[in-house]
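Here's the letter readout for the chains.
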Amino acid sequence: MALDAKLKTAGPKGVRTIRAADFFGSLRDVLKESEIVTEIQVPRVADGARQTFIKFRLREAVDFPIVSVACVLNFEGNICKDVRIVLGAVAPGQ
């Protein structure tokens, strides 16, 4: 979501493209009947962008996060022109 990815789906009614934010952020099933995800499209990060992903978990042996955060910042020189912050494992939807 932080990278503005899109998912391509295919089903009996054809092919469509869904924003990752709409796909993962919805509390309802976004896929139509008999539809599957066939492709994930992640655009190239802009030159000068900075990104990171951090996951907090209680034990190294267990990979279930208490919280995670993904962040992408786009800069023009020393000025931040765009920032995307996505939290994971904190709520059921947007």
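As shown above, the structure is provided for reference.
Residues numbered from 1 in each chain as written. Predicted model: local features only at pLDDT ≥ 70, side-chain atom pairs only at ≥ 80, totals over all residues. Heavy atoms only, no water.

Participant: Sorry if this is basic, but what is going on with the sheet that holds strand S3 (residues 36-41) here?
Facilitator: Working definition: the strands of a sheet are paired by backbone hydrogen bonds and lie parallel or antiparallel to each other. Strand order in this open sheet of three strands is S2-S1-S3, and the pairing throughout is antiparallel. Lying at the two open borders of the sheet, with one neighbouring strand each, are strand S2 (14-19) and S3. Across the sheet, the axes of successive neighbouring strands diverge by a mean angle of 25°, strand direction being ignored. Where strand S1 (residues 6-11) and S3 come together, five bridges link them in antiparallel fashion. The residue bridging Thr-9 from the neighbouring strand is Val-37, located in S3. (Pairing = 2+ DSSP bridges. Helix = DSSP H or I, 4+ residues; strand = E, 2+ residues; numbered from the N terminus. Axes fitted to C-alpha atoms, helices over the stretch in contact; angles between N-to-C directions.)

Participant: What is the right way to read the environment of Arg-16 from this model?
Facilitator: Counting through the fold element by element, Arg-16 comes out in strand S2. C-alpha separation for the pair Arg-16 and Val-37, spaced 21 residues apart in sequence, amounts to 9.6 Å. Those residues in contact with Arg-16 that lie beyond four places of it in its chain are Leu-7, Lys-8, Thr-9, Val-30, Leu-31, Lys-32 and Glu-35. Engagement of the side chain of Arg-16 in a polar contact is seen with the backbone oxygen of Val-30, the distance being 2.7 Å. (Contact = heavy atoms within 4.5 Å. Polar contact = N/O pair within 3.5 Å; in protein donor to acceptor, adjacent residues only side chain to side chain.)

Participant: In this structure, what is going on with the pairing of S1? I would like to understand it.
Facilitator: Put simply, side chains in a regular strand alternate between the two faces of the sheet. Here S1 pairs with S2 via six bridges, running antiparallel. When the bridges of S2 are listed, Thr-9 appears paired with Arg-16.

Participant: When you look at the side chain of Thr-9 in this model, what are you seeing that I'm missing?
Facilitator: Summarising the element assignment, Thr-9 is placed in strand S1. Judged by its relative accessible area of 0%, Thr-9 falls in the buried class. Of note is the side chain of Thr-9, whose polar atom sits 2.7 Å from the side chain of Glu-35. (Buried < 20%, exposed > 50% of the residue type's maximum accessible area, 1.4 Å probe, protein only.)

Participant: Where do I start with the environment of Ala-61 in this structure?
Facilitator: Tracing the backbone shows Ala-61 in the loop between strand S4 (50-56) and strand S5 (67-76). With a relative accessible area of 71%, Ala-61 lands in the exposed category. Each C-alpha atom of the pair Ala-61 and Asp-82 lies 36 Å from the other, and the pair is 21 residues apart in sequence.

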